[in-house]
Amino acid sequence: MKQYLFLIIILLNSFYLFSQNQQNNDSLKHPDYYQTIDIEDFNSKLLQQIIEDEINAVRTKQEMDSLKRNVILQNAAEDQSEYMAAKDMTTDLQGGKKKTVGKRIEYYGGSNNGAEIVTKMSPKKGKFILSYKQLAQDIMFRFLKSKKTSIYIINPVYVFCGIGAELNDAGKKVYVSVVFGNYDSFNNGAERRDEMDVPFSTKKYGLKHRDEKICSKTKKFKNLSSLQESLYIEQGKIYFQYNNLKALRKLIKDSKDGLAVDIVQKVQFGCTGDNIMDNTLVNRGIMQKRLYANKLYKKNLITDDKQRKTRIKVLLGTIPPDLDGEYEINLMIIKQKHVCKECTPIAHLEGAVEYNKELDLLADTVQTDAESYTPKPEKNVLTFKIPFEKNKFEYQKEDIEPFIKKLKEPDFIIEKLKITAYSSIEGNDANNKQLQEKRAKSIVSALSQRQKTEIKPEIVTGYSWDDFKRDLAGTEYNNLTCMSMTQAQQYIKEHGLSKKLEPYLKNERYGTIELSVSYEIEGDKEQQYVVNRFNKAVKNNNKELALSIQKFIFKKVLADEYDSLAVSNQEIPMNSGMAGLYMNKLWLQKYVRSDFLDESYCKKIDALSHLVPDNYYLKFNSIYCKIHNKLSYADETEIIEYQRLIDALYETSMSKETIDLLNLEFQINVIQAIDTTDTPTPLVKEKLQKIKEIANIDQTNDDWQNAMKLSYIFVQAKDFDFAAKILEPFIY
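Predicted model, so just to flag it, every value in this text is computed and none were measured.

Basis of the calculations
The numbers attached to residues start from 1 for each chain and follow its sequence in the written order. Only residues with pLDDT of at least 70 get local features here, since the model is predicted, and only at 80 or more are side-chain atom pairs given and counted; chain-wide, interface and lining totals rely on the full set of residues. Working from all heavy atoms in the structure, the side-chain values ignore hydrogens and water. Here, a strand pair is defined by DSSP locating no fewer than two bridges between the strands. Strands are runs of DSSP state E lasting at least two residues, helices are runs of H or I lasting at least four, and both sets are numbered from the N terminus onward. Between N-to-C directions, angles span 0 to 180 degrees; the directions come from axes that are lines fitted to C-alpha atoms, helices contributing only their stretch in contact. For our purposes a nonpolar core is just a set of buried Ala, Val, Leu, Ile, Met, Phe, Trp, Tyr and Cys residues, chained together by side-chain atoms within 4.5 Å. For the exposure calls, accessible area comes from a 1.4 Å probe over protein chains only, and a residue counts as buried if that area is under 20% of its type's maximum, exposed if over 50%, partly exposed in between. Two residues form a contact once any of their heavy atoms are found within 4.5 Å. The term polar contact refers here to a pair of N or O atoms within 3.5 Å; inside protein, the definition further demands a hydrogen-donor-capable atom paired with an acceptor-capable atom, and it admits residues adjacent in sequence only when both atoms are side-chain atoms. Grid points spaced at 1 Å and placed over the protein atoms alone form the basis of the search, with a cavity being a set where a 1.4 Å probe fits but cannot get out and a pocket an open set showing protein on both sides within 12 Å along at least five of seven lines. Lining residues have an atom within 4 Å of a point. Grid points are joined across faces, edges and corners, and a volume is the space filled by probe spheres set on the points. Gly is placed with the polar residues, together with every amino acid not listed as nonpolar (Ala, Val, Leu, Ile, Met, Phe, Trp, Tyr, Cys and Pro) or charged (Asp, Glu, Lys and Arg). What marks off one domain from the next here is an automatic or database domain assignment. In what follows, roughly perpendicular refers to angles from 65 to 115 degrees, roughly parallel to angles under 35, roughly antiparallel to angles over 145, and oblique to any angle outside these ranges. Crossings are assigned a handedness: left-handed for a near helix turned anticlockwise from the far helix by less than a right angle, right-handed for a clockwise turn.

1. Describing the sheet that holds strand S17 (residues 456-463)
- A sheet is described by the order of its strands in space; here four strands give the open sequence S15-S18-S16-S17, paired in mixed fashion. Strand pairing shows two members of the sheet lacking a second neighbour, strand S15 (379-387) and S17, which therefore form its edges. On average, each strand axis in the sheet is inclined to that of its neighbour by 15°, with strand direction left out of account.
- With nine bridges connecting them, S15 and strand S18 (residues 510-519) associate as antiparallel partners. Residue pairing in the sheet places Leu-382 in a bridge with Leu-515 of S18.

2. Observations regarding the nonpolar core
- In this structure, Ile-400, Ile-443, Leu-447, Ile-513, Leu-515 and Ile-553 are the most contacted members of the largest nonpolar core, which totals 97 residues.
- Excluding anything up to four places from it in sequence, Ile-553 contacts Val-530, Val-531, Phe-534, Tyr-562, Ala-566 and Gln-570.
- Counting residues in each nonpolar core, the second largest holds 33 residues, with Ala-136, Phe-143, Ile-153 and Ile-154 among its members.

3. Considering the side chain of Gln-94
- Mapping Gln-94 onto the fold places it in the loop between helix H3 (71-87) and helix H4 (101-107).
- Of the polar contacts made by the side chain of Gln-94, one reaches the side chain of Asp-79; its length is 2.8 Å.
- Residue contacts for Gln-94: discarding those within four places in its chain leaves Asp-79, Gln-80, Tyr-83, Lys-99 and Arg-104.

4. Considering empty space enclosed by the protein
- Inspection of the entire model under this criterion finds one cavity of 30 Å³ or more.
- Estimates place the volume of the largest cavity at around 40 Å³.
- Taken together, Arg-59, Met-64, Asp-65, Pro-156, Tyr-158, Val-159, Met-574, Tyr-582 and Lys-604 form the lining of the largest cavity.
- Classifying every residue of the lining of the largest cavity by side-chain character gives six nonpolar, no polar and three charged.
- When residues of the lining of the largest cavity are assigned to domains, at least three fall in each of domain 2 (35-185) and domain 5 (572-730).

5. Section: the packing of helix H23 (residues 656-674) against helix H24 (residues 682-695)
- It is the contact of H23 with H24, at a shortest axis distance of 10 Å, that shows an interaxial angle of 155°. Judged on the interaxial angle alone, H24 and H23 are roughly antiparallel. The hand of the H23/H24 crossing is left-handed. Contact residues: H23 offers Asp-660, Asn-663, Leu-664, Phe-666, Gln-667, Ile-668, Val-670, Ile-671 and Ile-674, while H24 offers Leu-683, Val-684, Lys-687, Leu-688, Lys-690, Ile-691 and Ile-694.

What follows is the structure in structure tokens.
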């Protein structure tokens, strides 16, 4: 509790200092932020933007990625803020289909995954009405000073947000909702269900999503994931056989506790497109009917009365007969109808990066079937749209560059250019055509200044008549859409409608630009190109290609051929599918910056480990972080638990030498923390024996040679006092 209070104080201080430093800059860049709130014309969009800026300022201070606004989460947040304002009360609940934040996200097209914080705040202080900036800062201060709300703001798991802000009818309170989410908050993959020969199940069998309070009871069960290893298939049937019935009864004990099997197919997680799954469901694959506690124990197939008291074997499901291809069987742990854990098989992957004997974070560059990446120049077609100002026809290079930058493409050479210049329909045809051609030629000239080679242009001109009719449909000028273009031009001229129609006409003046390009990868331009290809592979969910490119970037960075931008410019979402790539970025970031392994790194690593609990590289790094920064060596229970976690790593395909380094450092840290007396305690003796075991020192012979070997380990750890203590019996 004290640690968290300290964190809140740091956050509030950071927020206060940042607010003070930014105020002068903001007043110049965003003068509207400081305008006094108009109670009669409350600008909710402006307040939303400032709150978003304040949240991201705090996250930046904590070295976290900024949150990005998402339309689904935005709708959910605005819905709740409007509901609170109408009811004039602060709540994160509604009724019916919008009862919880998860239900609201689902209502607006997402999944059931997300979190929300809410508050209310007066737009006045006494008689004085606040500015939008002041109100946003008051709201942020309230969020940050509470543990219940600040944990969401600084949680690296969340990458998207939605913000709602609504003034109540009395004009006395502003109600705010901030909804947080990540890629699991969306549900695009559900639409691909029919692409599968054997689609995932949609029947829920009365099961519900994880409830943190209810599921916290599972923490008492050690090594929960190991239960999956008790599943096996025999003649198409899935059995669960476990040899510690007493322990299982402690976990599955209430009437609505139980087990279920989820069959997940490899085809659901292809290299392209969204993963084929429905995030609104409790399962990912073909879920078999759950078996609650009473039936689970009654259906024990072990017939020997003595063995039935200690062991259980039960049928949990069958493999669909028409199921082809690779799949895995996962075990779902159910508490009071809530799916608390889906235990998956432990992955066995070969490491692709060699590590020396110095203990450090591990990168997760696993072997894949993808070919090793070599950058090659590609061709592409890029398109963008340029709005035209009325009667303007001269465009400079600096007018066009912002549109090029928005494409976020690496350096390229334009080989061909097609520009279609559109005019609004009012005015003289001849003049319009001449204006269109001048604009087009001016843009061609501006683009030509970007390169030495000649551009082959194609210029097309025309009217945006279809756009005009679409924009006017349903307006007071709808009658114009029933005319021909010539008739409409005449009607506008005769009735002098040009000025009145200008809000519509200005949208019809634009040019569409189509560039046929080839990318430049020579010299220094290669890095920019390769990082861009990596980011596109990530965006397209092509994980194999992304990993292959990232391994290429590894080699270049380690060889000092790429600079730190090759690391910082990698755009990787923090989700379970991209956790390995994100870990690699952290590894490289620490390398290029020569950083210490501080709390900011460890927070992200711990979040990644929770996202993919069966990834043993991430588990290794999470343990490494904790034994360096957070582990309380005064708590023997905690020491025992971390020894168990380290020992479990030996069951993976990770190299024994690497795990030994972690294990050795853990033993030394424990000894350094608890060795406070001249006579070694039982725990110190136990850890010394463990070190001898790891270092392959003869445990049966306490001669001076073995003492020298043992003391040398502590010399390397710079614990000279304990090294001397080991040698004392042999010094006369």
